[in-house]
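# Remarks on the overall topology
If you want the building blocks of each chain, they are given just below.
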Amino acid sequence: MTVGSDVKTCFASIKSIEATLTGLAVQTTENETRKLFESVNQIIKEIKVDLDKQVIMLSNEEPQYKQ
Amino acid sequence: MPEWTTILLRSFSLVIVLFFITKWLGKKQISQLSIFEYISGIVLGGIVAIHSSTTEYPFMYGLLAMLVWFIIPFIVELISLKSKSFRNFTQGKSTVVIQNGKIMEDNLKKEGYSSDDLLENLREKNIFKVADVEFAVIEPSGSISVLPKRENQPLTAKDIGLKLAPTKEPETVIMDGKVLLEPLANLSLNTNWLETELEKQNVSIENVFLGQVDSNGQLTIDLYDDKITVPVPTQKPLLLATMKKVQADLELFALQTNNSQSKEMYQRNSKKMQTAIERIQPFLK
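Okay, so let's go over this structure. These numbers come from a predicted model, not from an experiment.

### What about the overall build of chain A?
In terms of helices and strands, chain A carries 2 helices and 0 strands. Its C-alpha atoms give chain A a radius of gyration of 15 Å, clearly above 11 Å, the size a compact globule of 67 residues would have. Counting only C-alpha atoms and orienting by the principal axes, one finds that chain A spans roughly 50 × 15 × 15 Å. Counting over 67 residues, chain A shows a buried share of 45%. For chain A, contacts bridging at least 24 residues in sequence account for 66% of all contacts bridging at least 6. Per element, the accessible surface of chain A, about 3700 Å² overall, is 54% carbon and sulfur. On chain A, the mean spot of the 8 positive side-chain charges and the mean spot of the 10 negative ones are 6 Å from each other.

Shown next as structure tokens:
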């Protein structure tokens, strides 16, 4: 396992968190709860954007692992 | 007309009249009735009893008497809804018997409560020590309401500054194996959603005795067959665990990398994730 694949796994986890949060926000009937889920989802999205750049950078650094 | 048919007719009509009168007089519990309402109830019952079991008196007299005993309590109730002073007069006022932790002996005497009565009533509220009471009143119904001193009140989430997720009342969507459409619509969900959720838990709707959906849209069910175990909802604990894992991973990456720019990025995002976890944690329990 390389750093690149580790970061990719983490990136995938973040995407899964984002999806779950979106689902929960849709399901709830409580306004306050929905707002919280949405605001937390916003934070997760920011992390996702940062990590996405890192994934690209790492895959450029480790071209030998590219299929 | 033979006597027995008259009795039958009278009884039937009086039962109906009495039914409506009690309906219109309101929903109060027997224990909450004022003396006046209590007495008028007894008198109404008495009139009905007399007129339904004997034919000596004309039926109209009975109805007339019932009308009076219905209208006066009805009017009294209407006026007391509007006027506070009238309400004090008809329903009585509450009397303060303990204030600032001190027993008001005069008020106690005025209400005809002995010290034993007071102790007994406090014990019924699980208070065995008068010194624990800050404030107590005798309600017009005769029961005692007690406010314990601050340190003797049960601890609440507010006291320890605990943040809790707000919840609304759950809706019952399945009863005796049948879907209730109205509560489902209240949650803006449909039967398709319900079927998918049941499929996820691997049960068919006929086997469900009771199913409820909470305000977070989580379905919990009870089956007829108690030997089958229903899976516990795992979505939320799983989400929290994933978030914690990602946070730990980010911290690990920050330690591993030698690129100062990447290190800074990992650390910043790890902190962000930490705040996200802290904010969402009460809602995922």
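On we go from here.
### Some details on the sheet that holds strand S1 (residues 95-99) of chain B
Sheets are built from strands paired through backbone hydrogen bonds, the pairs being either parallel or antiparallel. All names here are of chain B. Strand order in the open sheet made by the 4 strands is S2-S1-S3-S4, with antiparallel pairing throughout. Looking along the sheet, the strands with just one partner apiece sit at the ends: strand S2 (102-103) and strand S4 (144-148). Bridge analysis of S1 against S2 gives 2 bridges, and the strand direction is antiparallel. Each residue of the ladder has a partner; that of Gln99, found in S2, is Lys102. On top of the sheet, helix H6 (residues 115-124) reaches S1, S2, strand S3 (133-138) and S4; it is set at about 65 degrees to S4, its chief contact.

### Some thoughts on the pairing of S1 of chain B
Residues and elements named next belong to chain B. Here S1 pairs with S3 via 3 bridges, running antiparallel. Within the sheet, the bridge partner assigned to Val96 lies in S3 and is Val137. Counting the residues in the hairpin turn of S1 and S2 gives 2 residues, including Asn100, whose phi is positive at 50 degrees.

What counts as what
- Residues numbered from 1 in each chain as written.
- Chains lettered and ligands numbered in written order.
- Predicted model: local features only at pLDDT ≥ 70, side-chain atom pairs only at ≥ 80, totals over all residues.
- Heavy atoms only, no water.
- Helix = DSSP H or I, 4+ residues; strand = E, 2+ residues; numbered from the N terminus.
- Rg over C-alpha atoms; globule rule 2.2 N^0.38 Å.
- Buried < 20%, exposed > 50% of the residue type's maximum accessible area, 1.4 Å probe, protein only.
- Contact = heavy atoms within 4.5 Å.
- Areas by Shrake-Rupley, 256 points an atom, 1.4 Å probe, with all protein chains shown as cover.
- Lys, Arg positive; Asp, Glu negative; His and termini not counted.
- Charge placed at Lys NZ, Arg CZ, Asp CG, Glu CD.
- Pairing = 2+ DSSP bridges.
- Axes fitted to C-alpha atoms, helices over the stretch in contact; angles between N-to-C directions.

The analysis is restricted to geometry; functional conclusions fall outside its scope.
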